[in-house]
Amino acid sequence: MSVRKIHSTAAAALAGVLRDDMTIMSGGFGVCGIPSALIDVVLESGVKGLTLISNNPGAEGLGLGKLFATRQVRKLICSYAGENAQFARQFLAGEVEVEFNPQGTLAERIRAGGAGIPAFYTRTGVGTVIAEGKPLAEFDGKTYLMERGLRADLALVHAWQGDSEGNLVYRMTARNFNPMMASAADLTVAEVEHLLEPGQIDPDHIITPGIFVDRIVRLDVVDKRIEQRTVRRRAATVEE
């Protein structure tokens, strides 16, 4: 079974999977930990009418941002959308539907979907536009709103290490949304920087168990970008 999970290229890993109008979860935060190679395959496939579930719509020309440039996206479920001017233009023109979520709510909606929880209650958003149209309930004298769990047809994730059984390890902040998305889709495809043999990953270090991962591709080249570089101004020296 494990051997059949491994694919030689990102295109092979998504062969026979992509179709119009599907819902895709894409891991990452900004451009950190995004499944760039797999996103490029979605781009090249030309599938349209997509519903994307991601923390953000990528940056212009980077990550999911490429799919807005080609108008392949019908709806975006996200928590932040400030670095993609192309997306902003389409949203303001009514060409893309957007469902905004508080970031913690989005994370929990995805986690709930992966855990088989159809809905949960949270205080976040009560009394705001976020609560419009959602059921409210009172617990211990406080008002909560109901949020639905999220699932997708396909989850695309990026991991630092993986083995041929599909066990995954994420590195530092690139962990972000990837683990919860891996468990919340009908099919999960992972791109990994380092592909190892079973047993080479310490079991205590595994973050996503292989049971959640259907297909794996090892990246020959890892494209890592910095979305915004912020540096501290150097202190003046005596000579200056």
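Residues numbered from 1 in each chain as written. Predicted model: local features only at pLDDT ≥ 70, side-chain atom pairs only at ≥ 80, totals over all residues. Heavy atoms only, no water.

Asks: Can you break down the packing of aromatic side chains residue by residue, with the values?
Replies: Taken as a whole and assessed by the stated rule, the structure comprises five aromatic pairs. Ring centres of Phe68 and Phe87 lie 5.4 Å apart, and the angle between their planes is 75°; this geometry places the pair in the edge-to-face category. Of this pair, Phe68 sits in helix 4 (residues 65-69) while Phe87 is found in helix 5 (residues 85-92), placing the two residues 19 residues apart along the sequence. Across the pair, Phe87 and Phe68 agree in class, each one buried. Ring geometry for Phe139 and Tyr144: centres 5.5 Å apart, planes at 80°, overall edge-to-face. (Phe/Tyr/Trp six-rings, centres within 6.5 Å; stacked < 30°, edge-to-face > 60°. Helix = DSSP H or I, 4+ residues; strand = E, 2+ residues; numbered from the N terminus. Buried < 20%, exposed > 50% of the residue type's maximum accessible area, 1.4 Å probe, protein only.)

Asks: Now, about the layout of surface pockets: what can you tell me, with residues and values included?
Replies: Its volume calculated, the largest pocket comes out at about 460 Å³. Considering the residues around the largest pocket, the lining is formed by 27 residues, among which Val31, Gly33, His158, Asp223 and Lys224 are closest to the centre. Those elements that provide at least two residues to the lining of the largest pocket are helix 3 (36-45), strand 9 (152-163) and strand 11 (185-196). Residue composition of the lining of the largest pocket, grouped by class: 13 nonpolar, six polar and eight charged. (1 Å grid on protein atoms, 1.4 Å probe; cavity = no way out; pocket = protein on both sides within 12 Å on 5 of 7 lines; lining within 4 Å. Points joined across faces, edges and corners; volume = space filled by probe spheres on them. Nonpolar A, V, L, I, M, F, W, Y, C, P; charged D, E, K, R; others polar.)

Asks: Any chance you could break down unusual backbone geometry for me, citing the residues and the numbers?
Replies: The backbone of Asp21 shows a phi angle near 65°, a positive value even though the residue is not glycine. Inspection of the secondary structure puts Asp21 in the loop between helix 2 (10-13) and strand 2 (23-26). The exposure class assigned to Asp21 is exposed, which follows from its relative accessible area of 55%. Of note, the phi angle at Met172 is positive, near 50°, even though the residue is not glycine. With respect to the helices, strands and loops of the structure, Met172 is situated in the loop between strand 10 (168-169) and helix 7 (178-182). Overall, the relative accessible area of 64% leaves Met172 in the exposed class.

Asks: Any chance you could break down the pairing of strand 8 (residues 142-148) for me, citing the residues and the numbers?
Replies: Alignment of strand 6 (residues 119-122) against strand 8, held across four bridges, turns out to be antiparallel. Within strand 8, the position partnered with Tyr121 by the bridge is Met146. Linking two consecutive strands that pair antiparallel, namely strand 7 (residues 136-139) and strand 8, is a turn of two residues; a positive phi of about 55° is found at Asp140 within it. (Pairing = 2+ DSSP bridges.)

Asks: Break down the environment of Val217 for me, with residues and values.
Replies: Along the chain, Val217 falls in strand 12 (residues 215-218). Once residues lying within four places of it in the same chain are set aside, the contact partners of Val217 are His7, Ser8, Thr9, Ala10, Ala13, Leu38, Ala190, Glu191 and Val192. (Contact = heavy atoms within 4.5 Å.)

Asks: Describe in detail empty space enclosed by the protein, supporting the description with residues and values.
Replies: In this approach a probe as big as a water molecule rolls over the atoms, and the regions it shows empty are the leftover space. Applying the stated rule across the entire model yields one cavity of 30 Å³ or more. The volume enclosed by the largest cavity comes to roughly 60 Å³. Around the largest cavity, the lining residues are Ser26, Gly27, Gly28, Gly30, Ile34, Ile39, Ser54, Asn56, Gly58, Gly63 and Leu64. Residues belonging to the lining of the largest cavity are distributed by class as follows: three nonpolar, eight polar and no charged.

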